[in-house]
Amino acid sequence: MAKTAELSRVCVDGRRLYRSLAELARVGAYRDEATALRGVNRLALTEADGRGRRLVVGWFRRAGLHVAVDRIGNVYARREGAEPALAPVLFGSHIDSVPTAGAFDGCLGVLGALEVVRTLGENRIRTRRPLVIGFFTEEEGCRFGTDMLGSAVATGRIPLAKAYALRDRAGLAVVDELRKIGFLGPRDVRAVRPHAYVECHIEQGPILRRRGAEIGVVSGVQAISWREVLFEGRAAHAGTTPMDLRADAGLAAARLMVEVRRLAESDGRGAGLRGTVGSLRLEPNMVNVVGGRATCTVDLRHPSDARLAGAERRLDSFLRRLGRQDGVGVTWRQTARTPYVPFDERVQAAVARAADRLGLRAEAIVSGAGHDAQEWSRLCKTAMIFVPGEYDGISHNPRELSTPKQCADGANVLLEVVRELAEEP
Ligand code: GLV
Ligand code: MN
Ligand code: MN
């Protein structure tokens, strides 16, 4: 069995990892007008996502892994262990993206895992437990409205039939889009029962960089609430309809945006409520027509479940008042909701030890973003490794950037932690 002293002797090839990240980023690449940079658009289950998946699956196969696809399109790549009957160590993330992404969100966790396996292979290291790299369908939730969809199905939070029936804005269903890109797999979604799960990810925020930390030991993920709000007013002539005779859905949407900001600001600075109206669709969306219909999303997040629930209640009563005030119909539905998820202290300690052995400064951090790890934590002991990003850790933006050293540090910590977990009886 490998000993701790032995574990620190191998290191990933940071240049190869960075080259893989750059190559995957070419799939779905577009020119971003706002930043004049090349961005990545690989929305889940689009043709670009299909091409990205096939590229990564090819790399898995070339690394000697056995690849299986489940019925929600999650991809699992297995490296056999000395004791194949033991539960595997699962590690990975996602390769779908928001439409304005950089090269690192999710991809570092998947290609970092691939780099770990390549390194083990080159050094002829066999782990006791099998290793499985996973990447999971629609982590972003941008296309079908529910984040961490694939890992939520695999871990039993969302039934497969419910996931299949979700539709994008064009009315296309998950099950049909999976089939179209060739990733409607045959494997049972509940087939993987890991011993432990570890995910390496960019922080996507400014904290580690500001504190001079090289590794984040993620203690948990804050609670997340997503809603879709529909305002139904009356489309009418912009020039002839007196102001007091309007039912302006756009005005109600604007008031909602301001209220979400006010709610977040009244919760205090720092790790308080985060509130975002990131999507607003106005119909008919014309210069001379009063807005007849507005569809908005609301994303609320808080590390405290109780405080998030309080913010949701305040928002509910605001929306009810809004309908009366502006004479518009107001309806809303919850599209995603996850509680605060604490990670396993033993796996966090393994991350901290690994960083220490590698001479990297580590800090505890709560994740502001949602991650597949929070789903897997229901089934097995789980934690995450964060690496810092430049430009205040900006993410969901083509400026997103972690350096080759930052990425290699994360992958080296991942390598150590996975090896340690894989030797456990
Ligand atoms: C995923 O990126 C999220 O919205 O947190
Ligand atoms: Mn991500
Ligand atoms: Mn993301």
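The residue numbering used here restarts from 1 in each chain and proceeds along that chain's sequence as written. For naming, the first written chain is A and the first written ligand is 1, with later ones following in the order written. Reporting in this predicted model follows two pLDDT cut-offs: at least 70 for local features of residues, and 80 or more for side-chain atom pairs to be given and counted; totals over whole chains, interfaces and linings ignore these cut-offs and use all residues. With hydrogens and water stripped out, all remaining heavy atoms of the structure feed into the side-chain values.

Chemist: Requested: an account of the coordination of the manganese ion (ligand 2), with residues and values cited.
Modeler: Distances up to 2.8 Å from the metal define which N, O and S atoms are donors, and 3.2 Å serves for Na, K and Ca; water is absent from the atom set, so sites may look incomplete. Every protein donor of the manganese ion (ligand 2) is listed here as His-94 (NE2), Asp-105 (OD) and His-201 (NE2), and their distances to the metal cover 2.0 to 2.3 Å. Each donor residue of the manganese ion (ligand 2) lies on one chain, and together they are spaced H-x10-D-x95-H. In this structure, the manganese ion (ligand 2) lies 3.7 Å away from the manganese ion (ligand 3), the two metals sharing Asp-105 as a donor. Of the two residues, His-94 sits in the loop between β5 (89-93) and α4 (107-122) while Asp-105 sits in the loop between β5 and α4, which places them 11 residues apart along the sequence. Put simply, DSSP H or I for four residues or longer makes a helix, DSSP E for two residues or longer makes a strand, and each gets a number counted from the N terminus.

Chemist: Got a sec to walk through the packing of helix α2 (residues 14-25) against helix α3 (residues 47-62)? Specific residues and values, please.
Modeler: Helices that pack against each other are described as a pair by the angle of their axes relative to one another and the distance between those axes. For helices, the axis comes from a line fit to the C-alpha atoms of the stretch in contact; other axes are also lines fit to C-alpha atoms, and the angle between any two N-to-C directions lies between 0 and 180 degrees. Two elements in contact, α2 and α3, have axes whose closest approach is 10 Å; the angle formed by their N-to-C orientations is 150 degrees. By the angle between their directions, the pair α2 and α3 is classed as roughly antiparallel. Contact residues: α2 offers Ser-20, Glu-23 and Leu-24, while α3 offers Gly-52, Leu-55, Val-56 and Trp-59. Working definition: roughly parallel below 35 degrees, roughly antiparallel above 145 degrees, roughly perpendicular at 65 to 115 degrees, and oblique for all remaining angles. Should any heavy atoms of two residues lie within 4.5 Å, those residues are counted as being in contact.

Chemist: Which residues make up the domain arrangement of the chain, and what values do they have?
Modeler: Its domain assignment divides the chain into domain 1 (4-221 + 341-422) and domain 2 (223-338). Those domain boundaries reflect an automatic or database domain assignment. Spacing between the C-alpha centres of domain 1 and domain 2 amounts to 33 Å. Contacts between the two partners involve 14 residues from domain 1 and, on the opposite side, 10 residues from domain 2. Carbon and sulfur atoms supply 49% of the area that domain 1 and domain 2 bury against each other, a total of about 830 Å² over both sides. By buried area we mean the combined loss of accessible area, with a 1.4 Å probe, across both parts when two parts are placed together. For domain 1, the biggest contributors to the area lost against domain 2 are Gly-145, Asp-147 and Arg-169; these three give 44% of the whole. Each reported salt bridge corresponds to a side-chain nitrogen of Lys or Arg within 4 Å of a carboxyl oxygen of Asp or Glu. The interface formed by domain 1 and domain 2 holds 0 salt bridges in total. Pairs of N or O atoms are called polar contacts if they sit within 3.5 Å, as long as, within protein, a hydrogen donor faces a hydrogen acceptor (for residues adjacent in sequence, only side-chain-to-side-chain pairs). The tally of links from domain 1 across to domain 2 stands at 4 residue pairs in polar contact (both at pLDDT 80 or more). Basically, the charged four are Asp, Glu, Lys and Arg, the nonpolar ten are Ala, Val, Leu, Ile, Met, Phe, Trp, Tyr, Cys and Pro, and anything else, Gly included, counts as polar. Tallied by class, residues from the side of domain 1 that touches domain 2 come to 3 nonpolar, 6 polar and 5 charged.

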